[in-house]
Amino acid sequence: MLKNHNISFIFFLLTIFIISLTLLTGERHDYRLYLENWSVSNSGISPWATELNGAHIGNSAYGPLHTLIGYLVFINPLVPKLLFSGSSLIIFLLMLQTRRNLIGKIDNKNLLFILLIYPLFPFTIIISYIYGINDSIISLLVILACVMRRQEKMAVTGSLIGLGALLKFYPILFLPFFSLSSKKGFSLKCFFSGVLVFFLGMLLSYLIWGTDIFQPFVFGSDRGPKLLSIFKFFDYVNNNYNFHLFSNLINLLILKNSILVLMVVFLLFLHGYMAEIEWDYLSIIGILLSLISYKVGHQQFFISWIMLLAWMLISSKTGSEKNLFAWRLTPIAIYLCLFQIIYFVSGILDNGHLRNDWEIFRNFGSVPFVLIILICVFLNRSFFCKPWKRKRIVIW
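The numbering scheme is per chain: residues are counted from 1 as the chain's sequence reads. Given that this is a predicted model, residues contribute local features only at a pLDDT of at least 70 and side-chain atom pairs are listed and counted only at 80 or more, while totals for whole chains, interfaces and linings are drawn from all residues. Calculated side-chain values reflect all of the structure's heavy atoms, with hydrogen atoms and water omitted.

Here we look at the environment of Pro176
Then, number 1: The way it works is that DSSP assigns letters per residue, a run of H or I at least four long becomes a helix, a run of E at least two long becomes a strand, and they are numbered from the N terminus. The topology assignment puts Pro176 in helix H9 (residues 175-178).
Then, number 2: Taking the relative accessible area as the measure of exposure, Pro176 reaches 12% and is therefore buried.
Then, number 3: Setting aside anything within four residues of it in sequence, one finds Pro176 in contact with Phe186, Phe191, Val265 and Phe269. Exposure is judged per residue with a 1.4 Å probe applied to protein chains only, and the accessible area is read against the type maximum: over 50% gives exposed, under 20% gives buried, and values in between give partly exposed. Residues count as neighbours in contact if any of their non-hydrogen atoms are within 4.5 Å of one another.

This is the structure in structure tokens:
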């Protein structure tokens, strides 16, 4: 593929751009917290310790793979950030390969399109190259899982998802969606290979650090609603304007949010299984709805969803039903991009992200986001408003 001179040249320029931006922007946003966490774990202390010599340590919400990546700081503090941002180069090549397998040849128009929908998409630039957020690795593992899933290499597919869950725990929720097939039913090989990889990783971590490995789950359940979560809007209105919009229900859903997310995943999986919906349709909607059900609505969680949308656009023939399905979801990615730009600019112009005069975006930004999602899903309703056809349990 890199024998094509245009692609080789573009790949070279993209590499220079990503490396330069990654190094020039240095340590910022969550990456500073990563370095603090790694300084603790690299000194031999549990990555999930909450105290050090009587002083409070910031909670780590990450898995053991994040701790393993932290050893790269012994080479240079920015090496892990280069790993996170450099994942976009591999994603770019995988997208090129996927598109070429579909249409036979990559012309300049296709090349530009692939560049714009992920590697040079402003959301990716800010999250991955400037901030150096570790969710970028989740995007890489998810697109690798998509490639393997299309080839029906189910054990590898599940293992990649399980590996992602060892970095940040939420990808484990993706497993049921990737395990489905409209014709073959539910893949036990995919599901249990992912669970096995995750279990073995957590077991090894338990043997090293003990029960501290469960601290991120406690920390996650105790967190308040954030940014793009609709619970942030309701919580803010109820606390500041005394509107009490379904206050008891909202407080319950915030307090028991993990149960809500699991219910959303299960109900979507059940409908997809019974209605014989194909895995890629269900994955892109299932992951989206799972993420917006989670009370901690941080933008970086959605980078793997944006990558999945980009992959669906380039892996389907132009004008096909699947391609049109994906295009109808693009307003969601555009809104995420605009919100991230505002978040980034506010951090430059003000003392903190979405603070002071920018706080309206923090408190109300989830409302248009959820409305756009509802409209986009409604436009694609024909893919999901289907009767249950499956009469018996089918596994493979």
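Topic: the nonpolar core
Then, number 1: Formed by 120 residues in total, the largest nonpolar core has its most connected members in Phe178 and Trp305.
Then, number 2: For this core, the element with the highest residue contribution is helix H16 (residues 303-314), accounting for 11 residues.
Then, number 3: Counting residues in each nonpolar core, the second largest holds nine residues, with Ile230, Phe234, Tyr236 and Ile254 among its members. Definition used in this section: a nonpolar core is a set of buried Ala, Val, Leu, Ile, Met, Phe, Trp, Tyr and Cys residues joined via side-chain atoms within 4.5 Å.

What to know about the confidence of the model for the protein chain
Then, number 1: On a scale of 0 to 100, pLDDT captures the predictor's confidence in every residue. The predicted model of the protein chain has a mean per-residue pLDDT of 90, with 96% of residues at 70 or higher.
Then, number 2: Within the protein chain, strand E2 (residues 55-56) has the poorest average pLDDT of any element, 68, and helix H6 (residues 122-130) the best, 97.

Let's talk about the layout of surface pockets
Then, number 1: For each structure, a 1 Å grid was placed over the protein atoms alone; sets of points admitting a 1.4 Å probe that cannot get out are labelled cavities, open sets with protein on both sides within 12 Å along at least five of seven lines are labelled pockets, and lining residues have an atom within 4 Å of a point. Grid points are joined across faces, edges and corners, and a volume is the space filled by probe spheres set on the points. Here the second largest pocket defines a volume of roughly 260 Å³.
Then, number 2: What lines the second largest pocket is a set of 14 residues, and nearest its centre among them are Leu116, Ile117, Phe121, Leu313 and Thr330.
Then, number 3: If you list the elements that add at least two residues to the lining of the second largest pocket, you get helix H5 (108-117), H16 and helix H18 (330-349).
Then, number 4: Sort the elements by how many residues they give to the lining of the second largest pocket and H16 lands first, with four residues.
Then, number 5: The residue classification treats Ala, Val, Leu, Ile, Met, Phe, Trp, Tyr, Cys and Pro as nonpolar and Asp, Glu, Lys and Arg as charged. All others, Gly included, are polar. For the lining of the second largest pocket, the residue count by class is 13 nonpolar, one polar and no charged.

Focus: the packing of aromatic side chains
Then, number 1: Centres within 6.5 Å are what make two rings of Phe, Tyr or Trp a pair, Trp counting through its six-membered ring; a difference in plane orientation under 30 degrees is then read as stacked, over 60 as edge-to-face, and the rest as tilted. Taken as a whole and judged by the stated rule, the model has 33 aromatic pairs.
Then, number 2: Here the aromatic rings of Phe113 and Trp327 are separated by 5.9 Å at their centres, their planes lie at 40°, and the arrangement is tilted. In this pair, Phe113 is assigned in helix H5 and Trp327 in helix H17 (residues 321-327), connecting sequence segments 214 residues apart.
Then, number 3: Of the residues examined, Phe113 reaches a relative accessible area of 26% and is grouped as partly exposed.
Then, number 4: Here the aromatic rings of Phe186 and Phe269 are separated by 5.4 Å at their centres, their planes lie at 70°, and the arrangement is edge-to-face. Taken as a pair, Phe186 in strand E4 (residues 185-186) and Phe269 in helix H14 (residues 257-274) lie far apart in primary sequence, 83 residues in all.
Then, number 5: The class of Phe186 is buried, set by a relative accessible area of 12%.
Then, number 6: Residue classification places Phe269 among the buried residues on the basis of a relative accessible area of 17%.
Then, number 7: Here the aromatic residues Tyr31, Tyr34, Trp38, Tyr62 and Phe84 are joined through ring pairs into a cluster of three or more.

Some details on the side chain of Ser187
Then, number 1: Mapped onto the fold, Ser187 is located in the loop between E4 and helix H10 (188-209).
Then, number 2: With a relative accessible area of 0%, Ser187 lands in the buried category.
Then, number 3: Aside from chain neighbours lying at most four places away, what touches Ser187 is Met154, Ser179 and Trp396.

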